[in-house]
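Chain and residue survey
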Amino acid sequence: AQSVAQPEDQVNVAEGNPLTVKCTYSVSGNPYLFWYVQYPNRGLQFLLKYITGDNLVKGSYGFEAEFNKSQTSFHLKKPSALVSDSALYFCAVRGLGFQKLVFGTGTRLLVSP
Amino acid sequence: DTGVSQDPRHKITKRGQNVTFRCDPISEHNRLYWYRQTLGQGPEFLTYFQNEAQLEKSRLLSDRFSAERPKGSFSTLEIQRTEQGDSAMYLCASSQTENNQPQHFGDGTRLSIL
């Protein structure tokens with residue numbers, strides 16, 4: 001069975017500081033991993049993915065994520081947070097041979113001015 | 001660049017009524033997915049199509065739910081005899097066939113059951 005854990009309901013960070021949103025996963029075989037962002041009353045917007053290759057993947061709006069196979073983690077990072085980054089962030093996993101995404105419960109990021 | 005379009009954005013109905021939602025995927029995308037998202041939760045998979053074929057259905061998709069994609073383009077999701085527990089955001093996503101491609105989501109239809 002596939003599963004995703006996002007251990008923090010909320011992350012608070014000051015504008016200009018680095019941010020990390022944590023994600024761990026469980027899947028049989030090699031995972032396909034994704035991060036999405038959701039603004040109020042909107043759908044999910046794709047940020048980045050890890051399929052294979054470099055463990056550090058870069059995505060939209062200055063976000064990046066680090067894949068760590070031994071720790072089964074895929075943490076989202078950004079070197080300098082913006083107030084406009086405040087939103088709900090979802091990590092998702094797809095196992096090989098499956099099409100459905102399995103999502104975590106989401107982490108609310110609040111960036112203060 | 002046209003994204004995934006869902007209609008309506010909001011639907012309010014009385015318990016026991018039938019509702020139908022529509023999803024228009026990104027035009028070159030062969031795969032189409034439906035998810036349900038309740039408050040405070042991540043989206044949960046309901047079903048997916050490759051072209052017009054419905055290839056997987058979740059156990060969440062009870063017999064009151066039916067999804068179609070008759071011509072391999074737009075899709076509809078119908079809920080019959082709605083119940084309070086059906087209140088949720090229904091999200092549609094589409095993707096290209098290649099397995100390394102991400103799913104792109106619409107803005108969803110928010111269903112409220114009175």
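Located above this text is the structure these notes cover.
Reading the values: rules and limits
Residues numbered from 1 in each chain as written. Chains lettered and ligands numbered in written order. Predicted model: local features only at pLDDT ≥ 70, side-chain atom pairs only at ≥ 80, totals over all residues. Heavy atoms only, no water. Helix = DSSP H or I, 4+ residues; strand = E, 2+ residues; numbered from the N terminus. Rg over C-alpha atoms; globule rule 2.2 N^0.38 Å. Buried < 20%, exposed > 50% of the residue type's maximum accessible area, 1.4 Å probe, protein only. Contact = heavy atoms within 4.5 Å. Disulfide = S-S within 2.5 Å.

**What to know about the overall build of chain A**
In terms of regular secondary structure, chain A is built from zero helices and 12 strands. Each helix and strand of chain A, placed in order from N terminus to C terminus, yields the pattern β-β-β-β-β-β-β-β-β-β-β-β. Its C-alpha radius of gyration of 13 Å places chain A within 12% of the 13 Å reference for a compact globule of 113 residues. Over its C-alpha atoms, taken along the principal directions, chain A stretches across nearly 45 × 30 × 20 Å. Counting across all 113 residues of chain A, residues that qualify as buried make up 48%.

**Notes on the environment of Ala88(B)**
Residues and elements named next belong to chain B. You can see Ala88 is positioned in strand β9 (residues 88–95). On the basis of relative accessibility, which here comes to 6%, the residue Ala88 falls in the buried class. As a C-alpha pair, Ala88 and Glu44 span 44 residues in sequence and 11 Å in three-dimensional space. The contacts of Ala88, once residues within four sequence positions are left out, are Arg36, Gln37, Thr38, Thr109, Arg110 and Leu111.

**Some thoughts on the state of the cysteines**
Residue and element names in this part refer to chain A. All told, the structure shown has two disulfides over all chains when counted by the stated rule. Sulfur-sulfur distance for the disulfide between Cys23 and Cys91 comes to 2.0 Å. Taking the torsion about the S-S bond as the criterion, the Cys23 to Cys91 disulfide, at about -60 degrees, is left-handed. You can see Cys23 sitting in the loop between β3 (19–21) and β4 (24–26) and its partner Cys91 sitting in strand β10 (residues 87–95), a full 68 residues away along the chain.

It is worth stressing that arrangement in space is one thing and function is another; only the former is reported here.
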